[in-house]
Amino acid sequence: MLDEVERGLLQALQIDGRVAFSLVGAVLGVSDQTVARRYARLRAEMGVRVLGAVWPEAVGRQLWLVRVRCAPEAVAGLARALAKQAETSWVQIASGGAEIVCMAQAADAPAGEAGVLSRLPRTPRVTDVSAHCVLHTFFGGSESPLTRNGPLTAEQCAQLRPPRAERPADPEELSPQDNLLLDALALDGRAGFRSLAAVTGWSQTTVRRRLAELRAGGVAYFDVDVDPALLGLRTSAGVWLKIAPGELVAAGEALAQHPQVSFAAATTGVSNLYASVQCPSSAALYAYLTGPVAALPGLMSVETAPSTRVVKQASPIVG
């Protein structure tokens, strides 16, 4: 389990993945050396990572929620194969090993024309694929349960929060050097400017300026990849909800306020609202489903798929 300093550090990194350890130390009331040591321990012993990411719509890509059903003996192998694809994230085996759920980014084109999505229906042992376009994200991306469930006060959070990003009206055209920079940050969001300059061929000053532009322009953001069990959350599930269309916004905004929710979005499909949730136990999940979820406005139906194994989180898999 994590102590107060480590939980505060994780919350600070979720607010700003590249925040200076000296500022984190000042906010937490410890030295920057203590912060650096704790972060090194979290990385080495607990697999915590700060990762750079790109808002899909900011670069003309579309986010899809994908459900794949296949022969039970093929589930593990297919999940590993999906996890190795650059365009996938959050690959999980769900429903007691009966299906795979993942997120996939694709060019802004019909699902049948896009990368992984086009290949899945032709994959041996796959019996069913459903791809649901993410139309609007209510919670997720640069925000997570760490943002609001940590020990920091609102005043402390305000000291750490970076300038507000403005989403571009039109997709950003990224240069080859931009892509090299973003690929390096996807592996280590706290990589130093010297190493980023070596990767891109830019000077450190140019790297610093361009990264600031990408963040301010709503293209790049940072996320913390952490095992929910470290936070005492040992039961995870995907929740598909069918909401009356006139109540979808209200239900999505209400869902985004639930501390159990790590991602919530409006999607295409029979179920028009999806949430990824984490709870301390199956009993807590039951209480959540029969309490806050049942009280959502316009709720018509609920489908729940417990996650039995996470094969890939936000981190890219190398090799």
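The shown structure was predicted, so the numbers you read here are calculated from the model rather than taken from an experiment.

Chemist: Before we go on, may I ask you to explain the overall build of the chain in this structure?
Modeler: Along the backbone of the chain there are 12 helices and 10 strands. Over its C-alpha atoms the chain spans a radius of gyration of 20 Å, differing by no more than 12% from the 20 Å that the globule rule assigns to 319 residues. With the C-alpha coordinates aligned to their principal axes, the bounding extent of the chain is approximately 50 × 40 × 40 Å. Partitioning the intrachain contacts of the chain with sequence separation of at least 6 by distance along the chain shows that 78% fall at a separation of at least 24. Accessible area for the chain stands at about 14,800 Å²; split by element, carbon and sulfur atoms hold 53% of it. Here the chain carries 29 positive and 29 negative side-chain charges, and the mean point of each set is 6 Å from the other.

Chemist: Help me out: how do you make sense of the sheet that holds strand E4 (residues 99-107) in this one?
Modeler: Strand pairing within a sheet occurs via backbone hydrogen bonds; the two strands may be parallel or antiparallel. Read around the closed barrel, 8 strands run E2-E4-E3-E10-E7-E9-E8-E5, paired in antiparallel fashion. Between one strand and the next, the sheet's axes are offset by a mean angle of 40 degrees, whatever the strand orientation.

Chemist: Would you take a moment to explain the packing of helix H2 (residues 21-28) against helix H3 (residues 32-46) for this structure?
Modeler: For any two helices packed against each other, one specifies the crossing angle of their axes together with the interaxial distance. Axis separation between H2 and H3 bottoms out at 8 Å; the angle between their running directions is 105 degrees. The angle between the axes of H2 and H3 places the two elements in the roughly perpendicular class. Residue-level contacts link Phe 21, Ser 22, Val 24 and Gly 25 of H2 to Asp 32, Val 35, Ala 36 and Tyr 39 of H3. Looking at the contact of H2 with H3 residue by residue, the class counts come to 5 nonpolar, 2 polar and 1 charged.

Chemist: Just to check I follow, could you spell out the environment of Val 226 for this structure?
Modeler: Within the secondary structure, Val 226 sits in the loop between strand E6 (220-225) and strand E7 (235-243). The exposure class assigned to Val 226 is buried, which follows from its relative accessible area of 10%. Not counting chain neighbours up to four residues away, the residues in contact with Val 226 comprise Leu 10, Val 48, Leu 146 and Gln 313.

Chemist: Where do I start with the pairing of strand E2 (residues 61-70) in this structure?
Modeler: Walk down a regular strand and you will see the side chains alternate between the two sheet faces. Taking burial as the measure, the 10 residues of E2 include 8 buried ones, the bulk of the element. Where E2 meets E4, 9 bridges bridge the pair, whose relative direction is antiparallel. Paired with Arg 69 across the strands is Glu 99, a residue of E4. When E2 meets strand E5 (residues 126-139), the two strands line up antiparallel, connected through 7 bridges. Among the inter-strand pairings, Leu 65 is bridged to a residue of E5, identified as His 132.

Chemist: Help me out: how do you make sense of the packing of helix H8 (residues 176-187) against helix H10 (residues 204-216) in this one?
Modeler: In the contact formed by H8 and H10, the axes pass within 11 Å of each other and the chain directions differ by 80 degrees. On the basis of the axis angle, H8 is roughly perpendicular to H10. Facing H8, whose interface residues are Asp 178, Leu 181, Leu 182 and Leu 185, H10 presents Val 207, Arg 210, Leu 211 and Leu 214. For the contact of H8 with H10, the class distribution of residues is 6 nonpolar, no polar and 2 charged.

Chemist: Quick question: what am I supposed to make of the nonpolar core here?
Modeler: The nonpolar side chains of soluble globular proteins are, as a tendency, buried together. In terms of nonpolar packing, the biggest core is built from 42 residues, with Leu 9, Leu 10, Leu 13, Val 48, Leu 160, Leu 196 and Val 224 touching the most fellow members. The biggest single contributor to this core is helix H1 (residues 4-15), with 5 residues. Setting aside its immediate chain neighbours within four residues, Leu 13 contacts Val 19, Phe 21, Tyr 39, Val 50, Arg 190 and Val 224.

Chemist: Even after reading the chapter, I still don't get the state of the cysteines, so can you show me in this structure?
Modeler: Where two cysteines share a covalent bond between their sulfur atoms, that bond is called a disulfide. Under the criterion given, the structure shown has 0 disulfides. Here Cys 102 is not disulfide-linked; the sulfur of Cys 70 is the nearest cysteine sulfur, at 12 Å. Overall, Cys 102 belongs to the buried group, its relative accessible area being 1%. With no disulfide of its own, Cys 133 lies closest to Cys 102 among cysteine sulfurs, the gap being 14 Å.

Chemist: Would you take a moment to explain unusual backbone geometry for this structure?
Modeler: Leave glycine aside and you will find that most residues have negative phi; peptide bonds, for their part, are mostly trans. Its identity as a non-glycine residue notwithstanding, Trp 90 has a phi of 50 degrees, on the positive side. On the secondary structure map, Trp 90 appears in strand E3 (residues 88-94).

Chemist: Looking at this model, I keep getting lost on the pattern of salt bridges. Mind explaining?
Modeler: By the definition in use, this model includes 14 salt bridges. Notably, a salt bridge pairs Glu 99 with Arg 69, separated by 3.5 Å at the nearest N-O pair. On the criterion of sequence distance, the pair formed by Glu 99 in strand E4 and Arg 69 in strand E2 is long-range, its members being 30 residues apart. Classification of Arg 69 by relative accessible area gives partly exposed; the value is 29%. Residue Glu 213 is joined to Arg 210 by a salt bridge in which the shortest nitrogen-to-oxygen separation is 3.1 Å. Taken together, the residues Glu 213 and Arg 210, both in helix H10 and 3 residues apart, mark about one turn of the helix. The exposure class assigned to Glu 213 is partly exposed, which follows from its relative accessible area of 38%. Each of Asp 3, Glu 6, Arg 38, Arg 41 and Glu 45 takes part in a single network of salt bridges with overlapping partners.

Calculation rules
Residues numbered from 1 in each chain as written. Predicted model: local features only at pLDDT ≥ 70, side-chain atom pairs only at ≥ 80, totals over all residues. Heavy atoms only, no water. Helix = DSSP H or I, 4+ residues; strand = E, 2+ residues; numbered from the N terminus. Rg over C-alpha atoms; globule rule 2.2 N^0.38 Å. Contact = heavy atoms within 4.5 Å. Areas by Shrake-Rupley, 256 points an atom, 1.4 Å probe, with all protein chains shown as cover. Lys, Arg positive; Asp, Glu negative; His and termini not counted. Charge placed at Lys NZ, Arg CZ, Asp CG, Glu CD. Pairing = 2+ DSSP bridges. Axes fitted to C-alpha atoms, helices over the stretch in contact; angles between N-to-C directions. Parallel < 35°, antiparallel > 145°, perpendicular 65-115°, else oblique. Nonpolar A, V, L, I, M, F, W, Y, C, P; charged D, E, K, R; others polar. Buried < 20%, exposed > 50% of the residue type's maximum accessible area, 1.4 Å probe, protein only. Core = buried A, V, L, I, M, F, W, Y, C linked by side-chain atoms within 4.5 Å. Disulfide = S-S within 2.5 Å. Salt bridge = Lys/Arg side-chain N within 4 Å of Asp/Glu carboxyl O.

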